[in-house]
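Fold and geometry: a report
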Amino acid sequence: MYQLVYYYRETTGKEVIERQNYGEEFRLRRNALHYLLEITQSIYRENGYGTEQIVGGINCYKSEKTDNGERKTIEMKIKVEKV
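These lines cover the structure that appears in this document, whether it is placed above or below. It should be emphasised that the depicted structure is a prediction, and the values quoted were computed from it without experimental measurement.

The subject of this paragraph is the sheet that holds strand 2 (residues 15–26). What the five strands build is an open sheet, ordered 2-1-5-4-3; its pairing is antiparallel. Unpaired on one side and paired on the other, strand 2 and strand 3 (50–54) mark the two borders of the sheet. Strand-to-strand twist across the sheet, computed as the mean angle between neighbouring axes with direction ignored, equals 15°. In the sheet, strand 1 (residues 2–12) pairs with strand 5 (residues 71–82) via 11 bridges, with the strands oriented antiparallel. Across the sheet, R9 pairs through a bridge with E75, a residue of strand 5.

If you want it as structure tokens, here you go:
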């Protein structure tokens, strides 16, 4: 069994928030990679993230300005890992 693992990191000024979530499970690795690279990657692109493929997953980046003028950076790494 293989599972999508979401590594989330948000940086605002000097404050850093990191989280790890578990997503969908798949029986075959190739099915998990297909779902990740075709469906999940297109969803993140539609939401304004820049994406790049890495071995066994994707990296997603987004940077925006908050109301008080600080830069907010969101980095997401989504990997296929064996359960």
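We are not done yet, so read on.
This part covers the pairing of strand 1. Of all 11 residues in strand 1, eight are buried; the element is thus mostly enclosed. The pairing of strand 1 with strand 2 spans 10 bridges and is antiparallel. Along strand 2, the bridge assignment pairs T12 with E15.

Before going further, it helps to examine the packing of aromatic side chains. Taken as a whole, this structure holds two aromatic pairs when the rule is applied. Centroid distance F26 to Y35: 5.3 Å. Interplanar angle 45°. Geometry classified as tilted. Judged by relative accessible area, which is 23%, Y35 ranks as partly exposed. Ring centres 5.2 Å apart and planes at 85° place the aromatic pair Y44 and Y49 in the edge-to-face group. Take Y44: its relative accessible area is 15%, and that puts it in the buried class.

Let us look at the pattern of salt bridges. Tallying each qualifying case throughout the model produces three salt bridges. Among the salt bridges present, the one from E18 reaches R9, with a minimum N-O distance of 3.4 Å. Its relative accessible area of 35% is what places R9 among the partly exposed residues. K72 is the partner of E10 in a salt bridge, and the nearest nitrogen-oxygen pair spans 3.9 Å. With E10 in strand 1 and K72 in strand 5, this pair connects stretches of sequence that are 62 residues apart. Per residue, the accessibility class of E10 equals that of K72, and both read buried. Salt bridges here are not isolated pairs; linked through shared partners, they connect E10, E64 and K72.

Rules of the game
Residues numbered from 1 in each chain as written. Predicted model: local features only at pLDDT ≥ 70, side-chain atom pairs only at ≥ 80, totals over all residues. Heavy atoms only, no water. Pairing = 2+ DSSP bridges. Helix = DSSP H or I, 4+ residues; strand = E, 2+ residues; numbered from the N terminus. Axes fitted to C-alpha atoms, helices over the stretch in contact; angles between N-to-C directions. Buried < 20%, exposed > 50% of the residue type's maximum accessible area, 1.4 Å probe, protein only. Phe/Tyr/Trp six-rings, centres within 6.5 Å; stacked < 30°, edge-to-face > 60°. Salt bridge = Lys/Arg side-chain N within 4 Å of Asp/Glu carboxyl O.

Everything listed here is a matter of coordinates, which is why it stays silent on function.
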